[in-house]
Amino acid sequence: MVLLHVLFEHAVGYALLALKEVEEISLLLPQVEECVLNLGKFHNIVRLVAFCPFASSQVALENANAVSEGVVHEDLRLLLETHLPSKKKKVLLGVGDPKIGAAIQEELGYNCQTGGVIAEILRGVRLHFHNLVKGLTDLSACKAQLGLGHSYSRAKVKFNVNRVDNMIIQSISLLDQLDKDINTFSMRVREWYGYHFPELVKIINDNATYCRLAQFIGNRRELNEEKLEKLEELTMDGAKAKAILDASRSSMGMDISAIDLINIESFSSRVVSLSEYRQSLHTYLRSKMSQVAPSLSALIGEAVGARLIAHAGSLTNLAKYPASTVQILGAEKALFRALKTRGNTPKYGLIFHSTFIGRAAAKNKGRISRYLANKCSIASRIDCFSEVPTSVFGEKLREQVEERLSFYETGEIPRKNLEVMKEAMVQAEEAAAEMARKLEKQEKKRLKKEKKRLAALALASSENSSTPEEYEETQSERPKKKKKQKPQETPQENGMEDPSVSISKPKKKRSFSKEELVTSDVEETAGNVNLPKRKKSFPKEEPVSDAEEAVNRSIPKKKRKFSSKEEPLSSGPEEAAGSKSGSSKKKKKLQKLSQED
């Protein structure tokens, strides 16, 4: 007897259920439908074998994506291998999705069944699931389903493979709509301004140029020779500008009020801005097509290629179409009308707007459209499935269409497809290598800039990391060093560079009178008897300058500040001479004070 199990995927986890009396259930399908609504009867048919809850919402999303893609997740594999019987031939597993059933049968070897009574059983499980699992309420199950549905939809929108194609589809649709609107608005401006200046319609044919001129001219009676240069800039033709000026002088239009002119000028400015936006949108579409479908745009043009992608829905869908479908894409009404009336089917659809079909002769239009559709199909597949987008194949395919067109006209035999594709492959490899080198250079430049930025940030952080206390310590240490250096430098400055400072002491001695100097010399010579002997010990001394004497006099003063241990020993006569010279100075001062009194 075969044991029937049912696999149920819920937002909170996987559930494995076992069914009783499979043969009777398979025979009594209406009774099963009745038992689904009654919980008591449904419990008699189904019992819960195992339940594997999801650990988090992220795990639930991963399992939902795996089930939708027909892939057996590890959680599902573990559940089935653990709780299903080991004898796989006696087990029949019922699943709701045929894709996941085929994957389970291929990977795990269990026979899977879908549809029929399995669908009714799953409907009952879905209805009574919160009663089958302990601890699960209806409210929590609904919240889990809502959260998983939102995250699944968000992931599908975010990771859509056709998200780049959508920009092209919207751009070409807006471009076609703008063309229609600009034409309609321009006709309105022509009719409105034509009451005042009807001759301008015959001179200017372009809609955007007509709106610019209507905005510039305003009242035709105010148009004169001074505005002729501006008219030439707008029309880009001197003859047309002269014709407009002549027509304004002899115009048969009616006079118009100032308020009407204001409305016409404002509406004309809107039309001009729309035409300018249309140009910028066309530039955007060209850049987008060169990125997404370079080969198709090189072969057939950006506008026609974008219309093919928009009509197919995406570049992937266009790549899946055969060449016969691409040929009549956009002419579905004519095709079904021809099939209904048993008339001639259309030869071309959207590809009629390419330049090749217009250049071909009437008898060759069908042939060249079939050949062009074939090349468009190849180009769309190259763009869709190639890793590195390149326009080399599109240019080579365009050359082939040109050669085929000349073959129809002149009979010149074109090159074989194999030769052209070999050349294209070589050029594509070179282009890919060049692009790889450019990307590598850009990456190197980016890394260099990043290193410089990080180094600057590290330097700034290291400067900012020093505390204010450390900064004050460094600032206080600098003046201390300068004070230590100043006493060492001052003797050199005073002795060599600045003699005016050093001669300050001799000037004081010169202020004494001659009599005092003579008496002091006599007293010194009388007191110091040993001084001539001292002079004889140094007979070869050179004459000393005033600056050097000042230095020599300044040095003993510093020596007196030293400690008694460090002070050098002086000879007895020198000490006696120093003491007597000090007493003589005191005497001189006393004599001077007495003379002043």
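As named in an unreviewed UniProt entry, the protein is Nucleolar protein 56, taken from Nyctereutes procyonoides. Reading the Subcellular location (unreviewed entry) entry of the UniProt record for the protein gives the comment "Nucleus, Nucleolus". Looking at the protein in UniProt, the text filed under Sequence similarities (unreviewed entry) is "Belongs to the NOP5/NOP56 family."

J.: An account of the overall build of the protein is needed here, citing residue identities and associated values.
T.: For the protein, the helix and strand inventory stands at 31 helices and 5 strands. Residues counted as buried form 32% of the 597 residues belonging to the protein. Long-range pairs, those at least 24 residues apart, make up 66% of the contacts in the protein between residues at least 6 apart in sequence.

J.: Before we move on, can you summarise the pairing of strand E2 (residues 13-19) with the specific residues and values?
T.: E2 sits mainly inside the fold: 7 of its 7 residues count as buried. Here E2 pairs with strand E3 (residues 46-53) via 7 bridges, running antiparallel. When the sheet's bridge partners are listed, Ala15 is paired in E3 with Phe51.

J.: Outline the packing of aromatic side chains, supporting the account with residue identities and numerical values.
T.: What characterises a pair of aromatic rings is the spacing of the ring centres plus the angle enclosed by the ring planes. Under the definition given, this model contains 8 aromatic pairs. Ring plane angle 50 degrees and centroid distance 6.4 Å describe the contact between Trp192 and Phe267, whose orientation is recorded as tilted. In this pair, Trp192 sits in helix H10 (residues 163-194) while Phe267 sits in helix H15 (residues 258-292), placing the two residues 75 residues apart along the sequence. Phe267 gets classed as partly exposed once you look at its relative accessible area, which sits at 23%. Following the ring pairs from residue to residue traces out a cluster consisting of Phe8, Phe51 and Phe129. Over the aromatic face of Tyr210 sits the side chain of Arg190, whose NZ or CZ is 4.7 Å from the ring centroid.

J.: A description of the packing of H15 against helix H17 (residues 302-312) should follow, citing residues and the corresponding values.
T.: Between H15 and H17, the shortest axis-to-axis distance is 10 Å and the interhelical angle comes to 70 degrees. By the angle between their axes, H15 is roughly perpendicular relative to H17. Handedness of the H15/H17 crossing: left-handed. The segment H15 lies against H17, with Leu285, Arg286 and Met289 engaging Glu302, Gly305, Ala306 and Ile309. Per-class residue counts for the contact of H15 with H17 are 4 nonpolar, 1 polar and 2 charged.

J.: Help me get a handle on the pattern of salt bridges, residues and values and all.
T.: Going through the model one piece at a time under the given rule, you end up with 18 salt bridges. One salt bridge in this structure joins Arg446 and Glu443, with 2.5 Å as the shortest N-O distance. Pair noted here: Arg446 and Glu443 are both in helix H24 (residues 417-465), with a separation of 3 residues, about one helical turn. Looking at Arg446, the relative accessible area reads 44%, which means it is partly exposed. With a relative accessible area of 36%, Glu443 lands in the partly exposed category. Members of the salt-bridge network, linked through shared partners, are Lys396, Glu399, Glu403, Arg415 and Glu423.

J.: Quick one: what's the story with helix H12 (residues 207-217), residue by residue and with numbers?
T.: Of all 11 residues making up H12, 8 are buried, and the element is well covered by its neighbours. Here H12 has its buried residues at Asn207, Ala208, Thr209, Tyr210, Cys211, Leu213, Ala214 and Ile217. One or two steps after H12, the chain reaches Gly218, where phi turns positive at roughly 65 degrees.

J.: Run through the packing of helix H13 (residues 228-235) against helix H14 (residues 238-249), naming residues and quoting values.
T.: One way to put it is that H13 packs onto H14 with a least axis distance of 8 Å and a crossing angle of 125 degrees. Relative to H14, the element H13 lies oblique. The element H13 and its partner H14 pack so that their crossing is right-handed. Each of Leu228, Leu231, Glu232 and Thr235 in H13 lies in contact with H14, whose residues at this interface are Gly238, Lys240, Ala241, Lys242, Ile244 and Leu245. Here the residues of the contact of H13 with H14 are counted per class, giving 5 nonpolar, 2 polar and 3 charged.

J.: Tell me what's going on with the nonpolar core, and back it up with residues and numbers.
T.: Counting residues in each nonpolar core, the largest one holds 37 residues, and the members touching the most others are Leu296, Leu299, Ile300, Ile309, Leu318 and Leu372. Secondary structure elements with two or more residues in this core: H10, H15, helix H16 (294-300), H17, helix H18 (315-320), helix H21 (355-359), helix H22 (365-385) and helix H23 (392-410). The biggest single contributor to this core is H22, with 6 residues. When residues are assigned to domains, this core turns out to be shared by domain 2 (166-281) and domain 3 (304-435), each giving three or more. For Leu318, the residues in contact, after removing those within four places along its chain, are Leu296, Leu308, Ile309, Ala312, Val326, Leu329 and Ser380.

J.: Provide a residue-level description of a nonpolar patch on the surface, including the pertinent values.
T.: Taken together, Trp192, Tyr195 and Met254 make up a surface patch of nonpolar side chains, about 340 Å² in accessible area. Position of Met254 among the secondary structure elements: in the loop between H14 and H15.

J.: Tell me about unusual backbone geometry, and name the residues and values.
T.: Generally, phi is negative for residues other than glycine and the peptide bonds are trans, each holding for most cases. The backbone phi angle of Met236 is positive, close to 55 degrees, even though this residue is not glycine. Despite not being glycine, Arg342 has its phi angle at roughly 60 degrees, a positive value. With respect to the helices and strands, the residue Arg342 is situated in the loop between helix H20 (332-341) and H21. Exposure remark for Arg342: the relative accessible area of 79% places this residue in the exposed category.

Conventions used here
Residues numbered from 1 in each chain as written. Predicted model: local features only at pLDDT ≥ 70, side-chain atom pairs only at ≥ 80, totals over all residues. Heavy atoms only, no water. UniProt positions renumbered as here; feature names shortened; annotations may be inferred. Helix = DSSP H or I, 4+ residues; strand = E, 2+ residues; numbered from the N terminus. Buried < 20%, exposed > 50% of the residue type's maximum accessible area, 1.4 Å probe, protein only. Contact = heavy atoms within 4.5 Å. Pairing = 2+ DSSP bridges. Phe/Tyr/Trp six-rings, centres within 6.5 Å; stacked < 30°, edge-to-face > 60°. Lys NZ or Arg CZ within 6 Å of the ring centre and 35° of its normal. Axes fitted to C-alpha atoms, helices over the stretch in contact; angles between N-to-C directions. Parallel < 35°, antiparallel > 145°, perpendicular 65-115°, else oblique. Left-handed = near helix turned anticlockwise from the far one by under 90°. Nonpolar A, V, L, I, M, F, W, Y, C, P; charged D, E, K, R; others polar. Salt bridge = Lys/Arg side-chain N within 4 Å of Asp/Glu carboxyl O. Core = buried A, V, L, I, M, F, W, Y, C linked by side-chain atoms within 4.5 Å. Domains from an automatic or database assignment. Patch = residues over 30% accessible without salt bridge, like charges linked within 9 Å, V, L, I, M, F, W, Y side chains within 5 Å. Areas by Shrake-Rupley, 256 points an atom, 1.4 Å probe, with all protein chains shown as cover.

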